[in-house]
Amino acid sequence: MREKTYNIAEIERKLSKKWSEKNFFKESGKGKKVPFCVMMPPANITGSLHMGHALTYTLQDVLIRFNRMQGRDVLWQPGVDHAGIATQMVVERQLDQEGLKKSDLGREAFLDRIWAWKEESGGVITEQLKRLGASANWERSRFTMDEKFNKAVNKCFISLFDKGLIYRDKRLVNWDVKFQTAVSDLEVELREEKGTLWYIKYPLEDDPSAFITVATTRPETMLGDTAVAVHKDDERYKHLIGKRLRLPLTNRIIPIIADEHCDPEKGSGAVKITPAHDFNDFQVGKRQNLDILNIFDSTAHLNDNVPEIYQGLERFASRRKILEDLQELELLEKEEPIVHSVPYGDRSGVIIEPWMTDQWFVDAKKLSYPAIKAVEKGDISFVPKQWAEVYFEWLRNIEPWCISRQIWWGHQIPAWHGPDGHIFVASSEKEAIFKAKKYYGEKDFDLIRDTDVLDTWFSSSLWPFVTLGWPENTKELKQYYPTQVLVTGTDLVFFWVARMIMMGLHFTKDIPFSTVYMHPLVLDEKGEKMSKSKGNVINPLELIEKYGADALRYTITSLSVQGKNIKLAEKRVEGSRNFVTKIWNISRYLMMNECTYDPLFNPHQVNLSVNQWIIYKLSDLTVEVTEALQTYKFNEASHHLYQFVRGTFCDWYVEFTKPILKGSSVEEQEETRKCLAWCFFNILKLLHPMMPFVTDSLSMQFMNIESDNSFSLSKQSWPIFDKEANFDEAARELDWISDLVAEIRSLRTESNIAPKTMLTANILGATDQHKKWIERHQELVFKLARLDKINVVKELPAGCIQLVQGSITIGISLGDIIDIDKEKNRLRKEIERLVVDLKQLKTKLKNKKFMERAPKEIVDEQLRRRDQVKAKIIKIQQALERIEGF
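Residues numbered from 1 in each chain as written. Predicted model: local features only at pLDDT ≥ 70, side-chain atom pairs only at ≥ 80, totals over all residues. Heavy atoms only, no water.

Student: Explain the overall build of the chain here, please?
Tutor: What the chain contains, in helices and strands, is 29 helices and 30 strands. Counting only C-alpha atoms, the chain reaches 105 × 65 × 55 Å along its principal axes. Looking at the chain as a whole, 54% of its 886 residues are labelled buried. Pairs at least 24 residues apart make up 78% of the contacts formed inside the chain by residues separated by at least 6 positions. Summed over its atoms, the accessible surface of the chain is roughly 41000 Å², and 48% of this surface lies on carbon and sulfur atoms. (Helix = DSSP H or I, 4+ residues; strand = E, 2+ residues; numbered from the N terminus. Buried < 20%, exposed > 50% of the residue type's maximum accessible area, 1.4 Å probe, protein only. Contact = heavy atoms within 4.5 Å. Areas by Shrake-Rupley, 256 points an atom, 1.4 Å probe, with all protein chains shown as cover.)

Put into structure tokens, the structure is as follows:
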């Protein structure tokens, strides 16, 4: 007999090791099988498993295992991202501990140091994913900086440059002052902070006694203002449009312009325009053809484009100086405290500066047209579908994509600069020199390699086809591209999803994937975003150690509702662990009763109605789970399984079969044991994509093949069987019996009747068929409903509580069993309490401010609570009505 307690850690680690060492999940690569390929988002090489990872990789693995069991040729392409800035930071911190800087080593030696770190410490995230149960072919793992990937990246860069789709330009970027590099929007963290809104008076050129007042949170940037904008319909300023102002502290003359960017209700209604240091202002500047005046250097100190008195001042020191000078000139009208969002580098922790600098850009606008069309035509679909509109909105308003970074770790841009500034883009220095000789002729020249590297998202955008061997026309590329589905978070729809679609269509002339499943965010149990500062970060590795990977995986799938963020509480994971334990205990019960799996068992040849019923129900379950997984309704699949295992199988079928196993018919016992085992084995199959560890472990024990190192349910066939027509009657019979028991049990609960108290049931309206069913299962109903007698009557006795079940009425007398008056009072008080709760919920949901400001998930939770309270009131009212006549 198997152990009483399920040793989660031991079994999960043992299986994880076996799967990894035996490379269990290698794709077949055979053209006869229908391919199913999913691209694993490459985790940062510096990363450690967090809840976002646990969510996305669990859902992907569920799909991978499900499709593998359906007989498809499955490839889950794993890999790791070189994570430019993050990795460089790790190694720079190591150098700092040694009293060194990267400049002390030089570029080549520093890169050698990173490669050494990568070999020693770069595989942590992969091992953690294996612990989660990720069933990828790890031997195919790719790294975004490996030699073949680098060649492919360079080929793409050169091709785009030659077509004019990559170019060098001076534009506004997110500048990280600490790391001295441009960063992507995804690497910018907005923090809510207390700040100040300063109101500054700008004098009119032709009348120094008249002013326009502007409101700003960044007075230091006023030295770079090239206009003041107002709304064309703002009555306060309409007469001033076209006039000019004298910019305080600089004596420069700037125009007053009309622009839709201005909100008359915000601040003073007049906006200072600083195109070189604000992204919105940059757009206004382009529309209005304004001068762009850069007033900061790369370290955020004021440069020589400002009056000499301010030159060299650090940005916040200059703010203090400027405010003092404005106060002295009586141009500082007022200041007011505000709370606003401030952009910080997510790794540097310093405030990001919008800064004009020379960078490399992709003409994303031109690449976006085919990407838009692919989704419009339905070649690519989003789940949930509303994300297609978000995708369209972004692509239709897309800006040039800044792809250069001023760091050393990454794909160095394959460009060389000539002495006159001419740029030669080539796959090697030798090729660049060849191109330069053609350009310069007999002149002497020196070429300098561009020191910038590519944005990590550039190489990541090539992931779906480069990992399969592109630019070579490999067998993997032919077999698995386009891939079937991309599973990713909503925060990556722009940074990764759209760019993969653009690059895939451009370089392969085909879509990279046909479906994009956008999974929700994982929040804490209160619905708040997790952050270290809040102290509410949930560590998935700790949950795995405490409750097991299966429990975490099942929790994730059960909470993954399309379009709804996940509120994760440790109690939910504990509950899932209890479900895993329940499954383990079921197997122990079956083994104790000598139920062993017979692969030759034919479910269509069972004779007992109870066994026919469970096979019918299991067939329904298989259809429900299959359809749910095919449509990415992970929560529905897990819900169906939970309800079936705990309810249909354990609470009903196991109880229905106990009298048979204790009976005298050897034939009935044999059929029932085999049916119990066969059903349980198929339940394990259906559970396997969500709970791979416990299901594999139990399957091997159940089949008595624990020493078989080649077995996994992931390689078994997904359950497929049709309901036999002659099982319909059995389904109706046992459904009726279970409903009868459930109604009586519900009455017992509502009326606080002790389990030991036996009741008498009177059945009115029973047909001959019902009478046969009652007679056949009478002992079972007695036991499960705690009855001592069932009477089939033509008229119910007086004083019965009546329960309606379909065409029959069940009458049960409680007069001698409970204190009727006391029970009435209890039910009335409970209704009164719930009515108060309902009133409070309705008031909150009618509150306009709450509905406008509360996050969607909070509103949804309140709506659910309202509906639950309503349903409970109705149920208790029904119970009260039943005993009102006593």
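More follows now that the structure is in view.
Student: Mind showing me how you'd approach the pattern of salt bridges here?
Tutor: Applying the stated criterion to the full structure yields 51 salt bridges. One salt bridge in this structure joins K617 and D735, with 3.0 Å as the shortest N-O distance. Here K617, found in helix α20 (residues 609-630), pairs with D735, found in helix α24 (residues 728-750); they are 118 residues apart in sequence, far enough to count as distant. The exposure class assigned to D735 is partly exposed, which follows from its relative accessible area of 22%. Across the pair E729 and R732 runs a salt bridge, and its minimum N-O distance is 2.7 Å. A residue pair is termed a helical-turn pair when its members lie 3 or 4 positions apart in one helix, as E729 and R732 do in helix α24 at three residues. Of the residues examined, E729 reaches a relative accessible area of 29% and is grouped as partly exposed. In the salt-bridge network here, residues are joined through shared partners; they are R218, E220, E314, R315, R319 and E353. (Salt bridge = Lys/Arg side-chain N within 4 Å of Asp/Glu carboxyl O.)

Student: Would you mind going over the sheet that holds strand β21 (residues 448-449) with me for this structure?
Tutor: Strands belonging to one sheet form pairs held by backbone hydrogen bonds; the direction of such a pair is parallel or antiparallel. Spatially, three strands are ordered β20-β19-β21 in an open sheet, and the strand pairing comes out antiparallel. Whereas interior strands pair on both sides, the edge strands pair on one side only; in this sheet they are β20 (423-425) and β21. One ladder, built from three bridges, connects strand β19 (residues 415-417) with β20; its direction is antiparallel. Counterpart to H417 in the pairing with β20 is I423. (Pairing = 2+ DSSP bridges.)

Student: For this particular structure, what's the right way to read the environment of N602?
Tutor: Looking at where N602 falls in the secondary structure, it is placed in the loop between α19 (570-592) and α20. The class of N602 is partly exposed, set by a relative accessible area of 30%. Each C-alpha atom, one on N602 and one on V522, is 44 Å from the other, the two residues being 80 residues apart in sequence. Of the polar contacts made by the side chain of N602, one reaches the backbone nitrogen of H604; its length is 2.9 Å. (Polar contact = N/O pair within 3.5 Å; in protein donor to acceptor, adjacent residues only side chain to side chain.)

Student: I keep staring at the sheet that holds strand β27 (residues 759-764) and nothing clicks. Help me out?
Tutor: With respect to topology, four strands assemble into an open sheet ordered β28-β27-β30-β29, the strand pairing being mixed. Whereas interior strands pair on both sides, the edge strands pair on one side only; in this sheet they are β28 (787-793) and β29 (800-805). Across this sheet, the average inter-strand angle for adjacent strands is 25°, counted without regard to direction. Sheet topology places β27 next to β28; six bridges connect them, and they run parallel. Bridge assignment links L764 to a residue of β28, and that residue is V793. Contacting β27, β28, β29 and β30 (808-813), α24 runs over the sheet at an angle of about 145° to β29. (Axes fitted to C-alpha atoms, helices over the stretch in contact; angles between N-to-C directions.)

Student: What am I meant to see in the nonpolar core here?
Tutor: One broad trend across soluble globular proteins is that nonpolar side chains are buried collectively. Counting residues in each nonpolar core, the largest one holds 136 residues, and the members touching the most others are M51 and F649. Counting residues per element, this core draws most heavily on helix α21 (residues 634-661), which supplies 13 residues. Listed in part, the 62 residues of the second largest apolar core include I380, F382, V493 and M502. (Core = buried A, V, L, I, M, F, W, Y, C linked by side-chain atoms within 4.5 Å.)

Student: What should I look at first to understand unusual backbone geometry in this one?
Tutor: Glycine aside, a negative phi is what most residues show, and trans is what most peptide bonds show. A cis amide bond links V383 with the next residue in sequence, P384, at an omega value of -5°. If you trace the backbone, P384 turns up in the loop between β16 (381-383) and α11 (387-396). Cis rather than trans, the peptide bond between W470 and P471 has omega equal to 15°. Tracing the backbone through its elements, the reader meets P471 in the loop between α14 (463-466) and α15 (475-480). Its identity as a non-glycine residue notwithstanding, A300 has a phi of 65°, on the positive side. With respect to the element layout, A300 can be found in the loop between α8 (279-288) and α9 (315-328). Look at A300 and you get buried, because its relative accessible area is 2%.

Student: What am I meant to see in the pairing of β30 here?
Tutor: Within a regular strand, side chains alternate between the sheet's two faces. β30 sits mainly inside the fold: five of its six residues count as buried. Relative to β30, β27 runs antiparallel, the two being bridged by four bridges. The partner of A761 across the bridge, within β30, is I812. Both β29 and β30 contribute to a ladder of six bridges, which runs antiparallel.

Student: For this particular structure, what's the right way to read the state of the cysteines?
Tutor: When the sulfur atoms of two cysteines share a covalent bond, that bond is a disulfide. With the rule as written, the count across this model stands at zero disulfides. No disulfide involves C675; its sulfur sits 4.0 Å from that of C679, the nearest cysteine. With relative accessibility at 0%, the residue C675 sits in the buried group. (Disulfide = S-S within 2.5 Å.)

Student: Whenever I open this one, the environment of R449 confuses me. Can you help?
Tutor: Along the chain, R449 falls in strand β21. With 168 residues separating them in the primary sequence, R449 and K617 have C-alpha atoms 69 Å apart. In contact with R449, other than residues within four places in its own chain, are Q412, I413, P414, A415 and W416. Side-chain polar atoms of R449 contact the backbone oxygen of I413, separated by 3.0 Å.

Student: I would appreciate a short explanation of the side chain of E671 in the present structure.
Tutor: Looking at the element boundaries, E671 is found in helix α22 (residues 666-687). In this structure, E671 is buried with no salt-bridge partner, the nearest side chain bearing the opposite charge being K674 at 9.8 Å. Reaching out from E671, the side chain makes a polar contact with the side chain of N611 at a distance of 2.9 Å. The residues contacting E671, other than those within four sequence positions of it, are F601, V606, N607, L608 and N611. (Lys, Arg positive; Asp, Glu negative; His and termini not counted.)

Student: Explain the environment of G806 to me, please; I cannot follow it from the model alone.
Tutor: When you line up the elements, G806 lands in the loop between β29 and β30. Separated by 504 residues in sequence, G806 and L302 have C-alpha atoms that sit 82 Å apart.

Student: Honestly, helix α27 (residues 820-846) in this entry has me stumped. Any pointers?
Tutor: Along an α-helix, a turn takes 3.6 residues, which lines up residues three or four apart on a common side. The end-to-end C-alpha distance of α27, which contains 27 residues, comes to 39 Å, matching closely the 39 Å that a straight helix rising 1.5 Å per residue would cover. Looking at α27, one finds that the buried residues are I820, E823, K824, L827, E830, I831, L834, L838, L841 and L845. (Expected span 1.5 Å × (residues − 1).)

Student: Looking at this structure, I do not really get the side chain of T274. What am I missing?
Tutor: As for its position among the elements, T274 is in the loop between β13 (271-273) and α8. Given a relative accessible area of 2%, T274 falls into the buried group. At 2.9 Å, the side chain of T274 and the side chain of K272 are in polar contact. T274 has contacts with T221, G224, D225 and D281, leaving out every residue within four places of it along the chain.

Student: I would appreciate a short explanation of the packing of aromatic side chains in the present structure.
Tutor: Working definition: an aromatic ring pair is given by the centre-to-centre distance plus the angle between the planes. Throughout the structure, instances matching the rule amount to 38 aromatic pairs. Summarising the aromatic geometry, the rings of Y439 and Y440 are spaced 4.8 Å apart at their centres and angled 85° between planes, so their arrangement reads as edge-to-face. Judged by its relative accessible area of 42%, Y439 falls in the partly exposed class. Grouping aromatic residues by their ring pairs yields a cluster made of W19, F24, F25 and F693. Lying over the aromatic face of F143, K118 brings its terminal NZ or CZ to 4.6 Å of the ring centre. If you follow R171 out to its NZ or CZ, it ends over the ring of F361, 5.8 Å from the centre. (Phe/Tyr/Trp six-rings, centres within 6.5 Å; stacked < 30°, edge-to-face > 60°. Lys NZ or Arg CZ within 6 Å of the ring centre and 35° of its normal.)

Student: What exactly am I supposed to notice about the pairing of strand β12 (residues 252-258) here?
Tutor: Here strand β10 (residues 227-230) runs beside β12; their pairing, made up of three bridges, is parallel. Bridge pairing in β12 places A229 opposite I257. Looking at chain direction, strand β11 (residues 244-247) and β12 are connected through four bridges and run antiparallel. For L245, the partnering residue across the bridge sits in β12 and is I254. Hairpin remark: β11 followed by β12, antiparallel, with four residues in the connecting loop; positive phi at L249, about 75°.

These figures come from the coordinates and say nothing about function on their own.
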